[in-house]
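# Per-entry structural report
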Amino acid sequence: MAQLDAFDVFILGAVLVGTVAYFTKGTLWAKKRTASALVGKANGTAAVASTATRSIITKLQNSDRDVVVFYGSQTGTAEDYASRLAKEGHSRFGLKTMVADIEEYDLEDLDTFPEDKVAIFVMATYGEGEPTDNAATFYEFITGDDPQFSEMEDPEKPLKNLKYVAFGLGNNTYEHYNAVIVRLNEALLKLGANRIGEVGMGDDGTGTMEEDFLSWKEEMWSEFSKHVGVQEREAVYEPALKVEEKDGLTTDDANVFLGEFNKAHLQGTHSAPFLPHNPYIAPITSSRELFKSDSRNCLHVEIDLEDSNLKFTTGDHVAIWPQNSDKEVDRFLSVLGLTEKRDTVISVTAIDPTAKVPFPNPTTYDAVVRYHLEICGVVSRQFLASLAPYAPSDEAKAEITKLGNEKDYFSEVVSSRYFNIAQVLQRIAGGATWSSVPFPLIIESINHIQPRYYSISSSSYVEKTKPHITVVVESIPTSETADPLKGVASNYLLDLKYKQEGINNPSPSAVSYATDGPRGKYVGNKIPVHIRHSNFKLPSNPATPIIMVGPGTGVAPFRGFVHERAAQAGAGVPVGTSLLFFGSRNRTEDFLYSEEWEALGEKLGDKFKLVTAFSREGPEKVYVQHRLVENADLVNKLLQDGAYFYVCGDASRMAKDVSASLAKIISQQRDIAEEQGEEIVKSMRAQNLYQEDVWS
């Protein structure tokens, strides 16, 4: 490769600085961010807000609040925890609380935060130590070298009046576990803020997130009451929302939302930009089965974005907005005694002026349950305890109280069996309905449906408007008598596939969905989608070698990578070696894209090598990390030639084992200490030469 002289480096540096300046508009080095007008989210009830609402100090004073709970959330869990803390602070201690999406406020005025108020930060760490999308601006500001606040009376300790509480959501399978809350806490302390209690950390990697949160918050409230001087009272539920049945409206009325995302979707006039709260209704042009198995499914799905103006690049993600299955919607409505009222029109309004209505309305019970609530999600022990006053019998009240109070019993009865909330309530009450549960409590306590993200398995260089995704269909046996745990989005896509083909799903546990969508808006095999951009990218120079480790559907982005390299080679572009490690159970059942790899190998010649690991074909299980070690010479040579190293798939074991194996390879091949090999891998991560797209 040609060497760069000093002048080349200077010019490249100048171009880089100019590019950063253009795309960041100077925010990376600006001394002070300018508050921008908040444009209301595109839904049926939102409006454009004035710039004054972007001052949290003004908001707290005007609404007479004692505590603000900020959240940085990617999947909705941090938002749920923030809401629960706010409700508990009010019900147990009489605090006047509010929940705040941190991106909706400009926080340069934190230096004027009143001494008699408290800020709680509930912040998730996303990816490799990154803040969530909605927290990115605040995080960059507060952790910057010299954040500038509004008055700066004390430049050394500008936040000396700020009392705060901190809880983080992370995954210990990632190297930068809970990095956002750790760095935020360090920044706040450095700026003079005063923390109440210890920093809490929930760990999704060990599956203890909920229990970590519950145990932390009890200790936190004890410290909180001492510092703030509040006394605990008997907890009383006071709804933040009001639900009214509208006898004068029916599902035939044009202004009733039946699952539409916003007013433009309702009226059929939705248009770009297509974002999380305004997804594009995209046609699925092709959906085919990849597994050769009677008991498991994996889908290759192709989505048409041609008419959307949505752009993606190789390595990005498609976000799919799912819905709940007919079976689970029926079960949920039945257990609450709402089956006969499923199509009754309701209006939902905020009683608390700081509360948000989480979906457009007027709507129906059915639409809320089908399109807006995660009724198949993990059950909260705290939520179960809150339902005790509404139990249909004394026996049911005793049982749900026991489940809410006893962690081990809850784990045995609920968690280990993957029960959803309706299944738990059915079991507790023996089929009796929980008709006295206030519907506002349901809306406030159950997470709202979030999109499911899938790595794009095609190349934008090859097909600019048609991303492909590779989806394993989740169906996990729970017990001999209970229904299997069904992945909400993957089974939605499977049902779409069978309906597109005009045949019935042969599985005895198959579930169906309202695939035509609200008012038939999804007819023609359409689904709501948007694009989430990723940092998981090919090297900018196609001649740079790449090493990819992707077992199972972790191979998805690498299919896109290799297709891109093949197309570039076909266009006469020099490409580097692409080394792919793929693993699955058996080559005859789940060897994903086996025919394609052969064809791609013919196009790329010696620039492509595929190494496979089939765990159930031999006397001993063999995984991708074993094959990595077997190819240590080649791996080390490519790394020394400047190769990028990529891992996609399971974070809990595979990704950790691959990282450890790579460090060992470097150590042995270069005859250095294993600790030095580990440091080299850490350095690769820091330089973006080691990239991960993993999940737990």
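Residues numbered from 1 in each chain as written. Predicted model: local features only at pLDDT ≥ 70, side-chain atom pairs only at ≥ 80, totals over all residues. Heavy atoms only, no water.

## Notes on the overall build of the protein
Each helix and strand counted, the protein has 21 helices and 23 strands in total. Along the first, second and third principal axes, the C-alpha set of the protein runs to 70 × 70 × 50 Å. Buried residues in the protein amount to 51% of all 696 residues. Contacts in the protein between residues at least 24 apart in sequence constitute 76% of all its contacts with a sequence separation of at least 6. With an accessible surface of roughly 31600 Å², the protein has 49% of that area assigned to carbon and sulfur atoms. Taking the average location of the 69 positive side-chain charges in the protein and that of its 97 negative ones, the two points are 1 Å from each other. (Helix = DSSP H or I, 4+ residues; strand = E, 2+ residues; numbered from the N terminus. Buried < 20%, exposed > 50% of the residue type's maximum accessible area, 1.4 Å probe, protein only. Contact = heavy atoms within 4.5 Å. Areas by Shrake-Rupley, 256 points an atom, 1.4 Å probe, with all protein chains shown as cover. Lys, Arg positive; Asp, Glu negative; His and termini not counted. Charge placed at Lys NZ, Arg CZ, Asp CG, Glu CD.)

## Structural notes on the sheet that holds strand E19 (residues 546-549)
Strand order in the open sheet formed by 5 strands is E21-E20-E19-E22-E23, and the pairing between neighbours is parallel. One side of each edge strand has no neighbouring strand; the edge strands of this open sheet are strand E21 (608-614) and strand E23 (690-695). Taking the axes of each pair of neighbouring strands and ignoring which way they run, one obtains an average angle of 10 degrees across the sheet. Pairing of strand E20 (residues 578-584) with E21, which is carried by 7 bridges, proceeds in the parallel orientation. By the bridge assignment for E21, Ser 578 is matched with Phe 608. Lying over the sheet, helix H20 (residues 654-669) contacts E19, strand E22 (644-650) and E23, oriented at roughly 150 degrees with respect to E22. (Pairing = 2+ DSSP bridges. Axes fitted to C-alpha atoms, helices over the stretch in contact; angles between N-to-C directions.)

## Some points on the packing of H20 against helix H21 (residues 674-686)
Two elements in contact, H20 and H21, have axes whose closest approach is 8 Å; the angle formed by their N-to-C orientations is 120 degrees. As judged from the angle between their axes, H20 and H21 are oblique. By crossing handedness, the relation of H20 to H21 is classed as right-handed. Here Ser 659, Leu 662, Ala 663, Lys 664, Ile 666 and Ser 667 of H20 come into contact with H21, specifically with Glu 674, Gly 677, Glu 678, Ile 680, Val 681, Met 684 and Arg 685. Taken together, the residues of the contact of H20 with H21 break down into 6 nonpolar, 3 polar and 4 charged. (Parallel < 35°, antiparallel > 145°, perpendicular 65-115°, else oblique. Left-handed = near helix turned anticlockwise from the far one by under 90°. Nonpolar A, V, L, I, M, F, W, Y, C, P; charged D, E, K, R; others polar.)

## Observations concerning the packing of aromatic side chains
With the rule as written, the count across this model stands at 26 aromatic pairs. Ring geometry for Tyr 81 against Phe 167: centres 6.1 Å apart, planes inclined by 65 degrees, an arrangement best described as edge-to-face. Taken together, the residues Tyr 81 in helix H3 (residues 77-93) and Phe 167 in strand E5 (residues 163-170) connect sequence positions 86 residues apart. No difference in accessibility class separates Tyr 81 from Phe 167, as the two residues are buried. Arranged with centres 5.2 Å apart and planes meeting at 70 degrees, the rings of Phe 591 and Phe 614 form a pair that is edge-to-face. Residue Phe 591 is found in the loop between E20 and helix H17 (594-604), and its partner Phe 614 is found in strand E21; the two are separated by 23 residues along the sequence. Taken as a pair, Phe 591 and Phe 614 share a single burial class, namely buried. Taken together through their ring pairs, the aromatic side chains of Phe 536, Phe 558, Phe 561, Tyr 644 and Tyr 646 make up a single cluster. Over the ring of Tyr 453 we find Arg 532; its NZ or CZ atom is 3.6 Å from the centre of that ring. The lysine or arginine in question, Arg 559, covers the ring of Tyr 593, its NZ or CZ lying 4.6 Å from the ring centre. (Phe/Tyr/Trp six-rings, centres within 6.5 Å; stacked < 30°, edge-to-face > 60°. Lys NZ or Arg CZ within 6 Å of the ring centre and 35° of its normal.)

## Section: the state of the cysteines
Under the criterion given, the structure shown has 0 disulfides. For the unlinked cysteine Cys 298, the closest cysteine sulfur is that of Cys 648, found at 12 Å. When its relative accessible area of 0% is taken as the criterion, Cys 298 is described as buried. According to the relative accessible area criterion, Cys 648 is buried, its value standing at 0%. (Disulfide = S-S within 2.5 Å.)

## Describing the packing of H3 against helix H6 (residues 209-228)
A pair of packed helices is captured by two measures, namely the crossing angle of their axes and the spacing between those axes. Two elements in contact, H3 and H6, have axes whose closest approach is 12 Å; the angle formed by their N-to-C orientations is 40 degrees. One element, H3, and the other, H6, form an angle in the oblique class. Crossing of H3 over H6 shows right-handed handedness. Facing Tyr 81, Arg 84, Leu 85, Glu 88, Gly 89, Arg 92 and Phe 93 of H3, the residues of H6 in contact are Met 209, Glu 210, Phe 213, Leu 214, Trp 216, Lys 217, Glu 218, Met 220, Trp 221 and Ser 225.

## Things to note about the sheet that holds strand E13 (residues 363-364)
Across the sheet, 3 strands lie side by side as E8-E12-E13; this open sheet has antiparallel pairing. Each edge of the open sheet carries a strand with a single partner, namely strand E8 (241-245) and E13. Note that E8 and strand E12 (residues 345-350) share 5 bridges and pair antiparallel. Pairing of Lys 242 across the sheet is with Thr 349, part of E12.

## Description of the environment of Val 523
Here Val 523 shows up in the loop between helix H15 (488-501) and strand E18 (526-532). Taking C-alpha positions, Val 523 is 41 Å from Ala 613, a pair spaced 90 residues apart along the chain.

## Points about the side chain of Gln 323
Mapped onto the elements of the fold, Gln 323 is located in the loop between strand E11 (317-320) and helix H8 (326-335). A distance of 3.0 Å separates a polar atom in the side chain of Gln 323 from the backbone nitrogen of Ala 514. If we ignore the near neighbours within four places in the chain, the residues touching Gln 323 are Arg 370, Tyr 371, Ile 449, Val 488, Tyr 492, Tyr 513, Ala 514 and Thr 515. (Polar contact = N/O pair within 3.5 Å; in protein donor to acceptor, adjacent residues only side chain to side chain.)

## Some remarks on the pattern of salt bridges
Taken as a whole, this structure holds 40 salt bridges when the rule is applied. Note that Arg 54 and Asp 106 form a salt bridge whose closest N and O atoms lie 2.9 Å from each other. Here Arg 54 is found in the loop between helix H1 (6-24) and helix H2 (56-63), whereas its partner Asp 106 is found in the loop between strand E2 (97-101) and strand E3 (118-126), with 52 residues between them in sequence. Residue Arg 54 is classed as buried on the basis of its relative accessible area, which comes to 7%. Residue classification places Asp 106 among the buried positions, given a relative accessible area of 5%. We note a salt bridge from Asp 64 to Lys 96, for which the minimum N-O separation is 2.7 Å. Remark: Lys 96 occurs in the loop between H3 and E2 and Asp 64 occurs in the loop between H2 and strand E1 (67-72); sequence separation between them is 32 residues. (Salt bridge = Lys/Arg side-chain N within 4 Å of Asp/Glu carboxyl O.)

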